[in-house]
Amino acid sequence: MKICMLARNPDLYSHKRICEAAKARGHDIDVVNTLRCYMNITSHRPDLHYNGERLEGYDAVIPRIGASVTYYGLAVLRQFEMMGVWPLNESVAIGRSRDKLRALQLLARAGIGLPVTAFAHDPKQTAEVLKLVGGPPVIIKLIEGTQGIGVVLGETESSAKSVIEAFRGANVNILVQEFIREAGGADIRAFVIGGKVIAAMKRQGPADEFRSNLHRGGEAKPVKLTPEERSTAIRAAKTLGLNVCGVDMLRSNHGPVVMEVNSSPGLEGIERASGVDVAGTMIAFLERHAEPNKTRTRGRG
C-alpha cells in the first residue's frame, strides 16, 4: 500500500514508530507537513498539492493533526476523503473530538459516565456554575486546551471565581468540572483500535500536581482495566466515530468517568508502559479496512 501521514514533525516518537511499522509490513509511507499542503477547492476533480507536486496514488491517509492546526488540518483531510483516500480517522470524527464541549454532549447523550460539567457564557453566572458542579474544588479548563495546558484547579470559591472571570473576561470559552478527589491525581488511558482496547496505562501525576499528563511530569505504568472501564472506552470511541483514539478516564466513586477522547494519541507512553506494539496494530487495522471511496462521510458532514 501507499500511505500518506499528515504530520508536522516526522521526528516525534509516535510518527517514527508508525513509519517503522508501515515499512516493516512492506508499505510505502510519506510524511507530509499538513500546513504545506494546498488545494484547489473549485476543481471538478478534487486534488491536493505539496511542494509543487500533486499528492496522488495513495491508498490511505493517517492524520496526525496537532490541536493547534485542527481547522486547516481537517480541511486537508476532507480533501483526501473527497479524492477517495481512506482515512484512519475520519475528519468528522476528529472534529467531534477536538470540540470538547460537543464531545461531552455526545458522550452524555450516549449515557457514558462523565464528571459533572457546567458551561456558561456570562461571567455573572459564576456562582451558579460553581453550585452546579458541587462547589469547590473544581477543575476549570479551556475548551481548546491540550496536554494539560489551560487546566486550572480552583481550590476555593474565591480562587475559582477569579480564574473563571479572568478567562471569560478574555473572551475564552471554558468548562467547569467537578474535582474527582478519589482519583488521587491519576488517570487511565485506554488505547482503542477498531472497537477494541489493545493497551492501557495508568498515569500518575507528581505529588504536587493534580494533572497526570506525561507532558506535565506524570509517570506511566501498565494497568488492568475493569470490564466497566473497558466497555466505557469502547463506547466512547464508537460514539465519536473514531477508529483509533486514546480514552482518558478517572476512577471515581461512581465508576469510570471520561475526561477526554484523544483522536491523535501519542504512542511513546502507552507502548513503553504496556509493551504492546501499538503502531503495528494501527497499521494492521489499516490493512484490513482501507478501501478506495469507503469513507462514510466522503468528506461531508
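First, a word on what this report is: a plain description of the structure on this page.

Each value, and the rule that gives it
Residues numbered from 1 in each chain as written. Predicted model: local features only at pLDDT ≥ 70, side-chain atom pairs only at ≥ 80, totals over all residues. Heavy atoms only, no water. Helix = DSSP H or I, 4+ residues; strand = E, 2+ residues; numbered from the N terminus. Rg over C-alpha atoms; globule rule 2.2 N^0.38 Å. Buried < 20%, exposed > 50% of the residue type's maximum accessible area, 1.4 Å probe, protein only. Contact = heavy atoms within 4.5 Å. Pairing = 2+ DSSP bridges. Axes fitted to C-alpha atoms, helices over the stretch in contact; angles between N-to-C directions. Phe/Tyr/Trp six-rings, centres within 6.5 Å; stacked < 30°, edge-to-face > 60°. Core = buried A, V, L, I, M, F, W, Y, C linked by side-chain atoms within 4.5 Å. Left-handed = near helix turned anticlockwise from the far one by under 90°. Nonpolar A, V, L, I, M, F, W, Y, C, P; charged D, E, K, R; others polar.

All right, on to the overall build of the protein then. Counting its secondary structure elements, the protein contains 9 helices and 16 strands. Computed over C-alpha atoms, the radius of gyration of the protein comes to 20 Å, within 12% of the 19 Å expected from 2.2 N^0.38 for 301 residues, which places it in the range of a compact globule. Overall, the C-alpha framework of the protein stretches about 60 × 45 × 35 Å when taken along its three principal axes. Among the 301 residues that make up the protein, the fraction classed as buried is 51%. Counting contacts in the protein only where the partners sit at least 6 residues apart, residues at least 24 apart contribute 68% of the total.

Moving on, we get to the sheet that holds strand β3 (residues 37-39). What holds strands together in a sheet is hydrogen bonding between their backbones, with the strands either parallel or antiparallel. Spatial ordering of the open sheet is given by β3-β4-β5, a layout of 3 strands whose pairing is antiparallel. In this open sheet, the two edge strands, each paired with only one partner strand, are β3 and β5 (53-54). Across 2 bridges, the pairing between strand β4 (residues 48-50) and β5 is antiparallel. Within β5, the position partnered with H49 by the bridge is R54. Those strands touched by helix α2 (residues 70-82) are β3 and β4, and its axis lies near 60° from that of β3.

This part takes up the packing of aromatic side chains. Across all of its chains, the model carries 2 aromatic pairs by this definition. Seen in terms of ring centroids, Y58 and F80 are 6.4 Å apart; in terms of plane orientation they differ by 80°. Their pairing is edge-to-face. Here the residue Y58 occupies a position in the loop between β5 and β6 (60-63), and F80 occupies one in helix α2, the gap between them amounting to 22 residues. By relative accessible area, which is 0% here, F80 ends up buried. Arranged with centres 6.2 Å apart and planes meeting at 50°, the rings of W86 and F285 form a pair that is tilted. With W86 in strand β7 (residues 86-87) and F285 in helix α9 (residues 278-289), this pair connects stretches of sequence that are 199 residues apart.

The next subject is the sheet that holds strand β16 (residues 255-262). Spatial strand order, β14-β13-β12-β15-β16: 5 strands in an open sheet with antiparallel pairing. Unpaired on one side and paired on the other, β14 (219-222) and β16 mark the two borders of the sheet. Mean inter-strand twist for the sheet, computed between neighbouring axes without regard to direction, equals 30°. Across 4 bridges, strand β13 (residues 196-204) lies against β14 in antiparallel orientation. Bridge pairing in β14 links K202 to K221. Contacting β12 (186-193), β13 and β15 (244-252), α9 crosses the sheet at an angle of about 35° to β12.

As a further point, take the nonpolar core. L6, C37, L55, F80, V247, V258 and V261 are the most contacted members of the largest nonpolar core, which totals 45 residues. The residues contacting C37, other than those within four sequence positions of it, are L6, V32, L48, H49, Y50, L55, Y72 and V76. By size, the runner-up hydrophobic cluster in this structure holds 27 residues, among which are M201, I270, A273 and F285.

This part is about the packing of helix α4 (residues 100-109) against helix α7 (residues 227-240). Orientation of α4 relative to α7, taken along the N-to-C sense of each, is 115°, at an axis distance of 10 Å. α7 is crossed by α4, and the crossing has right-handed handedness. Each of A103, L106 and L107 in α4 lies in contact with α7, whose residues at this interface are A236, T239 and L240. Its residues placed into classes, the contact of α4 with α7 shows 5 nonpolar, 1 polar and no charged.

Along the chain, F179 turns up in the loop between β11 (174-178) and β12. As a C-alpha pair, F179 and A290 span 111 residues in sequence and 41 Å in three-dimensional space.

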